[in-house]
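# A look at the structure
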Amino acid sequence: MIARLATRVRAAREALGLPRRALSERSGVSPRYLAQLEAGEGNISVILLERVATALNVRIEDLLSEAAPMDGDVARVARLYQAAPAQVQGRVRALLAPQNPMALRAQRICLVGLRGAGKSTLGRMAADKLKIPFVELNQEIEVNAGMPLSEVMGLYGQDGYRALEAEAVSQVVARHDKLILAVAGGIVGDKTTYDMVLERFHTIWVRTSAGEHMARVRAQGDVRPMAGNPAAMEQLKALLSTRSPAYERALAQVDTSAKPVSMSVNELLAIIAKQRFLEGLGP
């Protein structure tokens, strides 16, 4: 270790073009002691070594570690990564990870589709049977924002919500290698975030008819889609038509139209098994 320390101190000093006397002035360690240190003969204290490291613009652990120290560019990138938000860290990992799509998705499953299709119900029941976590992305957003979703929308607007949504997706990816995630139907409206979902999750489109979408939303106690809006059904059909091409980019589909929940759950489980989504390797 003393020999390794000597080599690294000498190399760091020479890289800066510092004479030993200049390093002595910077660190407060005598030139004679520094000469012994670089010769592998010095038994320097931790406090003095910290001074030397600071004077050389390196970390003390880089002088002592068995692994070769990071060069300047790598060290700077590491510091930038540590200071970056979760969303940026996720993109960096995606760029650096092996470009095997199945490896990037790990054992993460994401259910996409319009509200009322059954994503939350099916996702929660399937996750319970598979004994893996189930996460509602909107609940993650609420936790991160510290307020209900209605207040998030009122305070930050659609653009602010989309930024929080993207950050929440990155956080879920960072925390979980195995789970079922349910996302809001409008996530397809942000191409960057939806591309991240498609890249980092095995995606399944949970779909149903426009009529059942509407009926299920009303059954949840939300009468807004119909109240005072006789054209609501046509608007819903138009929305479904507009978003369907994006939903069709999912790897699989479950159609819940006119089916009992138990049948739809079994279909979802069958798809997960057939596609080997929980094996982390894909088909």
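Structure: see above.
Residues numbered from 1 in each chain as written. Predicted model: local features only at pLDDT ≥ 70, side-chain atom pairs only at ≥ 80, totals over all residues. Heavy atoms only, no water.

### With respect to the overall build of the protein chain
Note the following rule: Helix and strand definitions follow DSSP, with helices as H or I runs of at least four residues and strands as E runs of at least two, each counted in order from the N terminus. Here the term buried applies to any residue with accessible area under 20% of the maximum for its type, exposed to any over 50%, and partly exposed to those in between, with areas from a 1.4 Å probe on protein chains only. Contact between two residues is taken to exist if any of their heavy atoms lie within 4.5 Å; hydrogens are not considered.
Looking only at helices and strands, the protein chain features 15 helices and 5 strands. In the protein chain, which comprises 283 residues, the share counted as buried stands at 42%. Within the protein chain, counting contacts between residues at least 6 apart in sequence, those at least 24 apart form 71% of the total.

### Some words on the pairing of strand 1 (residues 107-112)
A regular strand places its side chains so that they alternate between the two faces of the sheet. Counted only if it meets this: Pairing between strands is defined by DSSP: at least two bridges between the two strands are required.
Within strand 1, 5 of the 6 residues are buried, leaving the element largely enclosed by the surrounding structure. Strand direction decides the pairing type here: strand 1 and strand 3 (residues 178-182), joined by 5 bridges, are parallel. Across the sheet, residue Leu 111 finds its bridge partner in strand 3, namely Ala 182.

### Comments concerning the sheet that holds strand 1
We apply this condition: Axis definition: a line fitted to C-alpha atoms, limited for helices to the stretch in contact. Angles are taken between N-to-C directions and run from 0 to 180 degrees.
One open sheet accounts for 5 strands, arranged 2-3-1-4-5; its pairing is parallel. Here the strands that pair on one side only, and so sit at the sheet edges, are strand 2 (134-136) and strand 5 (252-255). Adjacent strand axes in the sheet meet at a mean angle of 25 degrees, parallel and antiparallel pairs treated alike. The sheet contact formed by strand 2 and strand 3 spans 3 bridges and is parallel. Its bridge partner being in strand 3, Val 135 is matched across the sheet by Leu 181.

### Quick word on the side chain of His 202
Defined as follows: In the analysis that follows, any N or O atom pair within 3.5 Å is treated as a polar contact, provided that within protein one partner can donate a hydrogen and the other can accept it, and provided that, for residues neighboring in sequence, both atoms belong to side chains.
Along the polypeptide, His 202 turns up in strand 4 (residues 202-207). A relative accessible area of 0% means that His 202 is categorised as buried. A distance of 3.0 Å separates the side chain of His 202 from the backbone oxygen of Ala 106, its partner in a polar contact.

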